[in-house]
Amino acid sequence: MSLLRKLNTKLADTTGYQVRRVPAPGAAGNLGAVPRPRGPRPARPAEAARCPVDPVLDRLLERPVFILTSVRSGSTLLRLMLGAHSQLHASHELHLTGLEVYFKPGSPTERSFRALGLGHEDLEGLLWDRALHRELVRSGKPFIVEKTPGNAFQWRRIAETWPDARYLFLRRHPAAVARSWHEAVPDRSLDEAAGRVVKYMEAMEEAHAELGGHVLRYEDLTADPAAQLRRICACLGLDFEPGMLDYGSGLENTVLGGGFGDWNDKIRSGRVQPDRPAPETVPEVLEPICRTWGYL
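Residues numbered from 1 in each chain as written. Predicted model: local features only at pLDDT ≥ 70, side-chain atom pairs only at ≥ 80, totals over all residues. Heavy atoms only, no water.

J.: Help me understand the packing of aromatic side chains, please; the structure alone is not making it clear to me.
T.: Aromatic ring pairs are defined here through the distance separating the ring centres and the angle between the ring planes. Following the criterion strictly, the structure yields five aromatic pairs and no others. Taking the centre distance of 5.3 Å and the plane angle of 40 degrees together, the rings of Phe66 and Trp162 count as tilted. Of this pair, Phe66 sits in strand 1 (residues 65-69) while Trp162 is found in the loop between helix 6 (155-161) and strand 4 (166-171), placing the two residues 96 residues apart along the sequence. Taking the relative accessible area as the measure of exposure, Trp162 reaches 0% and is therefore buried. Relative to Tyr200, the ring of Trp181 has its centre 6.5 Å away and its plane inclined at 85 degrees; by these criteria the two rings are edge-to-face. One end of the pair, Trp181, is in helix 7 (residues 174-184); the other, Tyr200, is in helix 8 (residues 190-211), with 19 residues separating them in the sequence. Each member of the pair, Trp181 together with Tyr200, is buried. (Phe/Tyr/Trp six-rings, centres within 6.5 Å; stacked < 30°, edge-to-face > 60°. Helix = DSSP H or I, 4+ residues; strand = E, 2+ residues; numbered from the N terminus. Buried < 20%, exposed > 50% of the residue type's maximum accessible area, 1.4 Å probe, protein only.)

Structure follows, in structure tokens:
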């Protein structure tokens, strides 16, 4: 027995105290310690060829609806109107594809899951599906709608994850989109905004050419919302419900703002309002997509 242990034994018997070494600064267990930063994410090797998703085995969701659109294109308004339908739950932007799975290279975890036929992307698909399904079950409705604009860049993964997914393509005058994004973030120049939003629109075109789906314009949605919602419902195999026009009655428990979509006064009014006239000048980078979409 060491001298310190003998001393502590005697001290404990007589005083109830013991001698302990002061922890070094930053050591584990020190309340003032600064946690070590997380290391970089492990590299993800290229996935081997994967088997197609088996919806019966691998998925809980049935026929989810994805709104593929650019930023500042009216998707929050469309989400709220669709969410007012008794059969559709339209959550705030979930940025779902940001949920990623990583293995420590060569770890028992990686070997075990690969033995089950599950790689990074397979596990991500299970995670995404479960997260959406949980949100859907909480709502008590049968179908979910997801509207994160970044989904336009992830349409291939979404289509692989949910082979039975349905798609709504929401367009808005590209120059109006660039103007709106510039006004929302004044530090971003109009030219910079135009250069960035066109990438969303080009991705939307790629997705529509491959996947198909219902196309609508924001300008038409605000000018005659009832007509546009009837067309959407017909596309989704649902009956139109007049309550979709009165989405404001369900705003009390709705998540708005904080990067989850638009939250300006027009949205909070609970009433559909006409769009502003489109800008007279179109940035050069947006001219091709304006012609493709029939705005020029």
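J.: Would you mind showing me how to read the nonpolar core here?
T.: Inside soluble globular proteins, nonpolar side chains tend to come together where they are buried. Membership of the largest hydrophobic core comes to 25 residues, with the highest contact counts inside it found for Leu78, Leu82, Leu229 and Ile232. Residue assignment for this core shows that the elements contributing at least two residues are strand 1, helix 3 (75-83), strand 2 (88-90), strand 3 (143-146), strand 4, helix 9 (218-223) and helix 10 (225-236). A total of five residues in this core trace back to one element, the largest contributor, which is helix 3. In contact with Ile232, other than residues within four places in its own chain, are Leu78, Leu82, Leu168, His214 and Leu216. Listed in part, the 20 residues of the second largest apolar core include Trp181, Ala194, Leu286 and Cys290. (Core = buried A, V, L, I, M, F, W, Y, C linked by side-chain atoms within 4.5 Å. Contact = heavy atoms within 4.5 Å.)

J.: How do you make sense of the side chain of Asn151 when you look at a structure like this?
T.: With respect to the helices and strands, Asn151 occurs in the loop between strand 3 and helix 6. Apart from residues no more than four positions distant in its own chain, Asn151 is found in contact with Phe66, Leu68, Thr97, Glu146 and Ile158.

J.: Looking at this structure, how should I read helix 7?
T.: For an α-helix, the turn length of 3.6 residues means that residues three or four places apart are oriented alike. By the criterion of burial, helix 7 is predominantly enclosed, with eight of the 11 residues buried. Within the sequence span of helix 7, burial applies to Pro174, Ala175, Ala176, Val177, Ala178, Arg179, Ser180 and Trp181. For helix 7, the secondary structure elements touched by its buried residues are helix 8 and helix 12 (287-292).

J.: Looking at this structure, I do not really get the packing of helix 3 against helix 10. What am I missing?
T.: Helices that pack against each other are described as a pair by the angle of their axes relative to one another and the distance between those axes. At their nearest, the axes of helix 3 and helix 10 sit 12 Å apart, and the two run at 70 degrees to each other. The orientation of helix 3 relative to helix 10 falls into the category roughly perpendicular. Seen along the crossing, helix 3 lies across helix 10 with a hand that is right-handed. Residues Leu78, Met81 and Leu82 of helix 3 form the contact with helix 10, whose own contacting residues are Pro225, Leu229 and Ile232. In terms of residue class, the contact of helix 3 with helix 10 is built from six nonpolar, no polar and no charged. (Axes fitted to C-alpha atoms, helices over the stretch in contact; angles between N-to-C directions. Parallel < 35°, antiparallel > 145°, perpendicular 65-115°, else oblique. Left-handed = near helix turned anticlockwise from the far one by under 90°. Nonpolar A, V, L, I, M, F, W, Y, C, P; charged D, E, K, R; others polar.)

J.: Is there a simple way to explain the pattern of salt bridges in this structure?
T.: Pairing between side chains becomes possible if they bear opposite charge and their charged atoms approach one another. One pass over the full model with this rule turns up eight salt bridges. Measuring nitrogen to oxygen at the nearest pair gives 3.2 Å for the salt bridge that ties Arg114 to Glu110. Of this pair, Arg114 and Glu110 both sit in helix 4 (residues 108-115), separated by four residues, roughly a single helical turn. Taking the relative accessible area as the measure of exposure, Arg114 reaches 34% and is therefore partly exposed. For Glu110, a relative accessible area of 12% gives the class buried. Where Glu287 meets Arg291, a salt bridge forms, and the shortest distance between an N and an O atom there is 3.7 Å. (Salt bridge = Lys/Arg side-chain N within 4 Å of Asp/Glu carboxyl O.)

J.: Can you help me understand unusual backbone geometry in this one?
T.: With a phi close to 50 degrees, Arg63 is a non-glycine residue in the positive phi region. By the secondary structure assignment, Arg63 is in the loop between helix 2 (55-58) and strand 1. For Arg63, a relative accessible area of 38% corresponds to the partly exposed category. Here the phi dihedral of Arg72 falls at roughly 55 degrees; this positive angle occurs in a residue that is not glycine. With respect to the element layout, Arg72 can be found in the loop between strand 1 and helix 3. On the basis of relative accessibility, which here comes to 27%, the residue Arg72 falls in the partly exposed class.

J.: Would you mind going over the packing of helix 7 against helix 8 with me for this structure?
T.: Taken N-terminus to C-terminus, the directions of helix 7 and helix 8 make an angle of 125 degrees; their axes are 8 Å apart at the nearest point. The angle between helix 7 and helix 8 places the two elements in the oblique class. Viewed along their axes, helix 7 and helix 8 form a crossing whose handedness is right-handed. Listed contacts from helix 8 to Pro174, Val177, Ala178, Arg179, Trp181 and His182 of helix 7 are Leu190, Ala193, Ala194, Arg196, Val197 and Met201. A per-class count over the contact of helix 7 with helix 8 returns nine nonpolar, one polar and two charged.

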